[in-house]
Amino acid sequence: MKDSYLAFACWHIEGGIFTSLSSFSKDCVDCLGLTNCELCYECIQCQRLYNCRYSIDCENCCDCLFCFDCSGCNDCFGCIGLRGKSNCILNKQYSKADYEALRNVIVQSMNEKPFVDQKGRTYRYGDFLPTELSPFAYNDTLSCEIFALTEKECLSLGFAWRPPPIERASKTTITRASIPDVLPDDSAYLLREIIECTRPDETYALCPGAFRLTQKELAFYSLHKLQLPDTCPACRHKLRMQSRRPPILYHGKCGAMDEKSSRYSRNFLTAYRQTDDFKILCESCFQEAVL
Ligand SMILES: [Zn+2]
Ligand SMILES: [Zn+2]
């Protein structure tokens, strides 16, 4: 990462600000899940975009705004599912001159008559789309994994909440402990079993308490001589996420400051708490120690 600020889980990015899960991108701000993009703002899950804003699930587009699932488009505004189009607004084709004129009128109108949500928050051109227009409930999104809120907190902020659609498994037909670590050749019987989830968190709402195996999963575990998982897919996901450091940065103090008081950086940000069992070095001391 180069010249980036508050960028998490990114690699090969330059000039990334408030950005996460992105790669091979340059000068993108407030973005999530971008690959090979440049000059983008508030885009999510896109590839090969140039100078796009507020767009989701798009690829190979440039100069597009508020687009969703568009590919190979340029100069489109508020369009969905277009392929290889240009100068469209709300999926309607315009001439280049009409497109630019109407786009400017819409942007001006968004600023003069902003959208007001049920909580009275106003959204002008340049703000992220209102949460209440999202087709997803807060607890269905990544946000809930990182910034966990209760149902009450969600509703008080005006975010939608959906009861987890998970039904508790009414029965299990086999305990995890009774499955051998080395799978026998005739393990096909496991495809018929409802296997107990040895879940680490009894209160985890997304865990149904049991899981089944698909044929491909079982073939994969057998081929690579792997043990079967102990937990259901939801618990596996949760455990994987817990092994990541959260996207939080702390103010660090260089652990080498006494010896190198002339060179240490007084302030720097680190993913590690000062109280952790690590010796944290500033960049120059780190470079000196490892190079
Ligand atoms: Zn589980
Ligand atoms: Zn230092």
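Values in this document were obtained by computation on a predicted structure and should not be read as measured data. (Residues numbered from 1 in each chain as written. Chains lettered and ligands numbered in written order. Predicted model: local features only at pLDDT ≥ 70, side-chain atom pairs only at ≥ 80, totals over all residues.)

1. As for the overall build of the protein chain
- When helices and strands are counted, the protein chain shows six helices and 16 strands.
- Against the globule reference of 19 Å for 291 residues, the protein chain gives a C-alpha radius of gyration of 25 Å, more extended than a compact globule.
- Looking at the protein chain as a whole, 18% of its 291 residues qualify as buried.
- Pairs at least 24 apart in sequence give 19% of the contacts found in the protein chain among residues at least 6 apart. (Helix = DSSP H or I, 4+ residues; strand = E, 2+ residues; numbered from the N terminus. Rg over C-alpha atoms; globule rule 2.2 N^0.38 Å. Buried ≥ 20, exposed ≤ 12 C-beta atoms within 10 Å, placed from the backbone. Contact = placed C-beta atoms within 7 Å.)

2. Side note on unusual backbone geometry
- Backbone geometry places Asp27, a non-glycine residue, at a positive phi of 50 degrees.
- In this fold, Asp27 is placed in the loop between strand E4 (23–26) and strand E5 (32–35).
- Unlike most non-glycine residues, Asp69 shows phi in positive territory, near 55 degrees.
- The residue Asp69 is located in the loop between strand E7 (59–62) and strand E8 (74–77) in this model.

3. Observations regarding the nonpolar core
- Among the nonpolar cores identified, the biggest contains 23 residues, and Cys64, Cys67, Cys70 and Cys76 are the most heavily contacted of them.
- Once residues lying within four places of it in the same chain are set aside, the contact partners of Cys67 are Ser55, Cys58, Cys61, Cys73, Cys76 and Cys79. (Core = buried A, V, L, I, M, F, W, Y, C linked by C-beta atoms within 7 Å.)

4. Quick word on the pairing of strand E9 (residues 86–89)
- Inspection of the sheet shows E8 paired to E9 by three bridges, in the parallel sense. Within E9, the residue paired with Phe77 across the bridge is Ile89.
- Inspection of the sheet shows E9 paired to strand E10 (residues 92–93) by two bridges, in the antiparallel sense. Residue pairing across strands places Ile89 opposite Lys92, the latter belonging to E10. (Pairing = 2+ DSSP bridges.)

5. Here's the deal with the environment of Pro163
- With respect to the element layout, Pro163 can be found in the loop between helix H3 (151–156) and strand E13 (195–196).
- The spacing of Pro163 and Thr141 is 22 residues in sequence and 13 Å in space, taken between C-alpha atoms.

6. Some details on the domain arrangement of the protein chain
- We note that the domain assignment places domain 1 (5–107), domain 2 (130–163), domain 3 (176–242) and domain 4 (249–291) within the protein chain.
- Centre-to-centre separation of domain 3 and domain 4, based on C-alpha positions: 42 Å. (Domains from an automatic or database assignment.)

7. Brief notes about helix H1 (residues 96–112)
- In this model, H1 (17 residues) spans 24 Å end to end at C-alpha, consistent with the 24 Å of a helix rising 1.5 Å per residue.
- A small share of H1 lies buried, amounting to zero of its 17 residues. (Expected span 1.5 Å × (residues − 1).)

8. Details of the environment of Asn139
- Here Asn139 lies in the loop between strand E12 (122–123) and helix H2 (142–146).
- Residue Asn139 is classed as buried on the basis of its 21 C-beta neighbours within 10 Å.
- Through-space distance from the C-alpha of Asn139 to that of Trp161 is 6.1 Å; in sequence the pair is 22 residues apart.

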